[in-house]
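Residues per chain are reported as follows:
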Amino acid sequence: LIGLLPGTILYVFVGASAGSSMEHDMHGDEVDSGKSSGHLMTVRITSIVIGVVTGVLGVVAVSCYAKKELSKIIAEDEERDQEHESDTIAAVEDDEAAEQV
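Draft legend 1. Molecular detail of the pattern of salt bridges. Within the structure shown, the criterion is met by 2 salt bridges. Close ionic contact of Lys72 with Glu69 constitutes a salt bridge, the shortest N to O distance being 3.4 Å. Pair noted here: Lys72 and Glu69 are both in helix α2 (residues 35-100), with a separation of 3 residues, about one helical turn. Relative accessible area serves as the criterion here: at 26%, Glu69 is assigned to the partly exposed category. The partner of Arg80 in a salt bridge is Asp77, and the shortest N-O contact between them spans 3.1 Å. Here the residue Arg80 and the residue Asp77 both occupy positions in helix α2, the gap between them amounting to 3 residues, near one helical turn. Using a relative accessible area of 32% as the deciding quantity, one classes Asp77 as partly exposed.

In structure tokens, the structure reads:
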């Protein structure tokens, strides 16, 4: 469940940023003009890009960590299964040896 959070946060951030940008484009800043308005738009675009890149990096980091942990768990399960199989084979061989005696 925790692994879903970075992706969800990324999608919410992108959606909110896109909505905010669309609202800004539709209404415009009539109070600001010229250079100041261009500066605000640059800051807005920069913050959106940094946020999206950070979100993507977070999703990638969580995915890599989850894959690594899952591989560890699978390897432990396989090792446990092999030990169980060898114990079962040894028990069967002991039973067969006892029956022959």
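From this point, the discussion proceeds with the structure in view.
Draft legend 2. Spotlight on the environment of Gly3. Among the structural elements, Gly3 can be located in the segment before α1 (5-27). Gly3 gets classed as partly exposed once you look at its relative accessible area, which sits at 46%. For the pair Gly3 and Val62, spaced 59 residues apart in sequence, the C-alpha to C-alpha distance is 6.5 Å.

Draft legend 3. A look at the environment of Ala16. If you trace the backbone, Ala16 turns up in helix α1. Accessibility expressed as a relative area gives 47% for Ala16, which makes it partly exposed. Considering only alpha carbons, one finds Ala16 and Ile48, 32 residues apart in sequence, at a separation of 9.8 Å.

Draft legend 4. Highlighting a negative patch on the surface. On the surface, a cluster of negative charge is made up of Glu93, Asp94, Asp95, Glu96 and Glu99. Position of Asp94 among the secondary structure elements: in helix α2. A relative accessible area of 54% places Asp94 in the exposed class.

Draft legend 5. Molecular detail of the environment of Val59. The topology assignment puts Val59 in helix α2. Accessibility expressed as a relative area gives 27% for Val59, which makes it partly exposed. Aside from chain neighbours lying at most four places away, what touches Val59 is Pro6, Gly7 and Leu10.

Draft legend 6. Representation of a nonpolar patch on the surface in the model. A cluster of nonpolar side chains, Ile45, Val49, Val53 and Leu57, forms an exposed patch at the surface whose accessible area comes to about 360 Å². Relative to the assigned elements, Val53 resides in helix α2.

Here is what the cut-offs are and how they apply
- Residues numbered from 1 in each chain as written.
- Predicted model: local features only at pLDDT ≥ 70, side-chain atom pairs only at ≥ 80, totals over all residues.
- Heavy atoms only, no water.
- Salt bridge = Lys/Arg side-chain N within 4 Å of Asp/Glu carboxyl O.
- Helix = DSSP H or I, 4+ residues; strand = E, 2+ residues; numbered from the N terminus.
- Buried < 20%, exposed > 50% of the residue type's maximum accessible area, 1.4 Å probe, protein only.
- Patch = residues over 30% accessible without salt bridge, like charges linked within 9 Å, V, L, I, M, F, W, Y side chains within 5 Å.
- Areas by Shrake-Rupley, 256 points an atom, 1.4 Å probe, with all protein chains shown as cover.
- Lys, Arg positive; Asp, Glu negative; His and termini not counted.
- Charge placed at Lys NZ, Arg CZ, Asp CG, Glu CD.
- Contact = heavy atoms within 4.5 Å.

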